[in-house]
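Reading the structure
Here are the chains, one letter per residue:
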Amino acid sequence: MRLLERMRKDWFMVGIVLAIAGAKLEPSIGVNGGPLKPEITVSYIAVATIFFNSGLSLKTEELTSALVHLKLHLFIQIFTLAFFPAAIWLFLQLLSITPINEWLLKGLQTVGCMPPPVSSAVILTKAVGGNEAAAIFNSAFGSFLGIIITPLLLLLFLGSSSSVPFTSIFSQLFMTVVVPLIIGQIVRRYIKDWLERKKPPFGAISSSVLLMIIYTTFCDTFSNPNIDLDKFSLVLILFIIFSIQLSFMLLTFIFSTRNNSGFTPADTVAIIFCSTHKSLTLGIPMLKIVFAGHEHLSLISVPLLIYHPAQILLGSVLVPTIKSWMVSRQKGVKLMRPTV
């Protein structure tokens, strides 16, 4: 099962590269008004499909067992949706004096505003042997919160209600995100046994639709002669993203392993991954809605497109180290317990 999951993720990374390359070769196909009609097929149908799919696949009935650990959930959600975007905003005040492309910097801010992903944090937590129930709960609950909080954060840090059509954004978000998600959950209640038995390829379906969104986004970029992305900015952004991930993983580790934190080693594993991972599946459709028609949308999307594979790569590399730490800490706790 893990091998299939890894293969799917590898193919998705290849798909991202091919989608961008295809957009570069023939951007006229995916631009607004082009043969694909992305103003309809992507803005409404594709986005609604992704969230209906999420509604079908989210096992919310299994999350009740994780509800009792309120302190853990508060830590993860506050770090992800409050501390993370605020820290990035402060960091960008320093980076604004550098020659890095300003739209890539705005893209970094959008990364900070994103909710946690539904899958990658859970998969890595499970691979280490951490608190999987907590990871599932916070990934799912964070996704629901992100539907409301992420657009607000994007408007707070990158726009205002005077320059952004606030009402139309939320009406479109409601119709293409909230409604399909709720319908998916309702349908799931009636076909739950069939879903558990057949195990439809939810991940592959969402990934395929997401590739279409990425393709049409970059078609808009490459069809606009006024947009120029310098390699220097791109390399720096790549370095900054890995630095941010490592720094925040270390920060969550330090906070969650203090003597009075009350978190177990298994909790710490879930905290490290859930607090620092960001959702591409939810993020790209939201950017497409909030920045609809924006000529620099694809540049704003680049940091999130980098962050997604980077978090999986970095997390996979660190799995053995984190697992070794968790096992040794758990053995230490057992040895310290007094024998009766």
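Residues numbered from 1 in each chain as written. Predicted model: local features only at pLDDT ≥ 70, side-chain atom pairs only at ≥ 80, totals over all residues. Heavy atoms only, no water.

Okay, the packing of helix α4 (residues 102-113) against helix α9 (residues 231-256) next. One can describe the packing of α4 onto α9 by two numbers: an axis separation of 10 Å at closest approach and a directional angle of 20°. Taken together, the axes of α4 and α9 lie roughly parallel to each other. Classified by chirality, the crossing of α9 by α4 is right-handed. Contacts between α4 and α9 pair Leu104, Leu105 and Leu108 from the former with Ser233, Leu234, Ile237, Ile240, Ile241 and Ile244 from the latter. Among the residues forming the contact of α4 with α9, the class breakdown is eight nonpolar, one polar and no charged. (Axes fitted to C-alpha atoms, helices over the stretch in contact; angles between N-to-C directions. Helix = DSSP H or I, 4+ residues; strand = E, 2+ residues; numbered from the N terminus. Parallel < 35°, antiparallel > 145°, perpendicular 65-115°, else oblique. Left-handed = near helix turned anticlockwise from the far one by under 90°. Contact = heavy atoms within 4.5 Å. Nonpolar A, V, L, I, M, F, W, Y, C, P; charged D, E, K, R; others polar.)

With the rule as written, the count across this model stands at one salt bridge. As a salt-bridge pair, Arg188 and Glu196 come within 3.2 Å of each other at their nearest N and O atoms. Taking the relative accessible area as the measure of exposure, Arg188 reaches 3% and is therefore buried. For Glu196, a relative accessible area of 31% corresponds to the partly exposed category. (Salt bridge = Lys/Arg side-chain N within 4 Å of Asp/Glu carboxyl O. Buried < 20%, exposed > 50% of the residue type's maximum accessible area, 1.4 Å probe, protein only.)

So, on to the nonpolar core. Formed by 57 residues in total, the largest nonpolar core has its most connected members in Leu108, Ile213 and Ile237. Top element by residues in this core is helix α12 (residues 297-336). It accounts for nine residues. Contacts of Ile237, omitting those with residues within four sequence positions, involve Ile100, Leu104, Leu105, Leu108, Pro303 and Ile306. Counting residues in each nonpolar core, the second largest holds 24 residues, with Ala121, Val128, Ala135 and Met326 among its members. (Core = buried A, V, L, I, M, F, W, Y, C linked by side-chain atoms within 4.5 Å.)

Below, the discussion takes up the environment of Pro265. Along the chain, the position of Pro265 falls in helix α10 (residues 265-276). The exposure class of Pro265 is buried, given its relative accessible area of 13%. Setting aside its immediate chain neighbours within four residues, Pro265 contacts Trp325, Met326, Arg329 and Gln330.

What follows is about the environment of Leu210. Looking at the secondary structure, you find Leu210 in helix α8 (residues 202-222). A C-alpha to C-alpha distance of 9.4 Å links Leu210 and Leu282, two positions 72 residues apart in sequence.

On to the side chain of Gln311. The topology assignment puts Gln311 in helix α12. On the basis of relative accessibility, which here comes to 1%, the residue Gln311 falls in the buried class. Gln311 has contacts with Pro117, Ser120, Leu124, Gln245, Thr276, His277 and Lys278, leaving out every residue within four places of it along the chain.

Time to look at helix α5 (residues 120-128). Extensive coverage of α5 is indicated by the burial of seven of its nine residues. What α5 keeps buried is the set Ser120, Ala121, Val122, Leu124, Thr125, Ala127 and Val128.

A few words on the packing of helix α6 (residues 132-158) against helix α11 (residues 280-290). Across the interface, α6 lies against α11 with an axial gap of 11 Å and an inter-helix angle of 40°. Classified by the angle their axes make, α6 and α11 are oblique. For the crossing formed where α6 meets α11, the hand is right-handed. Residues Ser143, Gly146, Ile147, Thr150, Pro151, Leu154 and Leu155 of α6 lie in contact with α11, whose contacting residues are Leu282, Met286, Leu287 and Val290. Split into classes, the residues belonging to the contact of α6 with α11 amount to eight nonpolar, three polar and no charged.

Before going further, it helps to examine unusual backbone geometry. A positive phi is found at Lys37, a non-glycine position, where the angle reads about 50°. The backbone of Lys199 sits at a positive phi, close to 50°, despite the residue not being glycine. Tracing the sequence through the fold places Lys199 in the loop between α7 (166-198) and α8. Overall, the relative accessible area of 53% leaves Lys199 in the exposed class.

Right, let's talk about a nonpolar patch on the surface for a bit. On the surface, Trp11, Val14 and Leu18 cluster together to form a nonpolar patch covering roughly 350 Å² of accessible area. With respect to the helices and strands, Val14 occurs in helix α1 (residues 2-25). (Patch = residues over 30% accessible without salt bridge, like charges linked within 9 Å, V, L, I, M, F, W, Y side chains within 5 Å. Areas by Shrake-Rupley, 256 points an atom, 1.4 Å probe, with all protein chains shown as cover.)

For the rest of this paragraph, the subject is the UniProt feature "transmembrane region" (unreviewed entry) in the protein. According to UniProt, the positions carrying the feature "transmembrane region" (unreviewed entry) are residues 41-58, 70-92, 135-158, 170-191, 203-222, 234-255 and 306-327. Between the C-alpha atoms that bound residues 234-255 the distance is 32 Å, and the span itself is 100% helix and 0% strand. (UniProt positions renumbered as here; feature names shortened; annotations may be inferred.)

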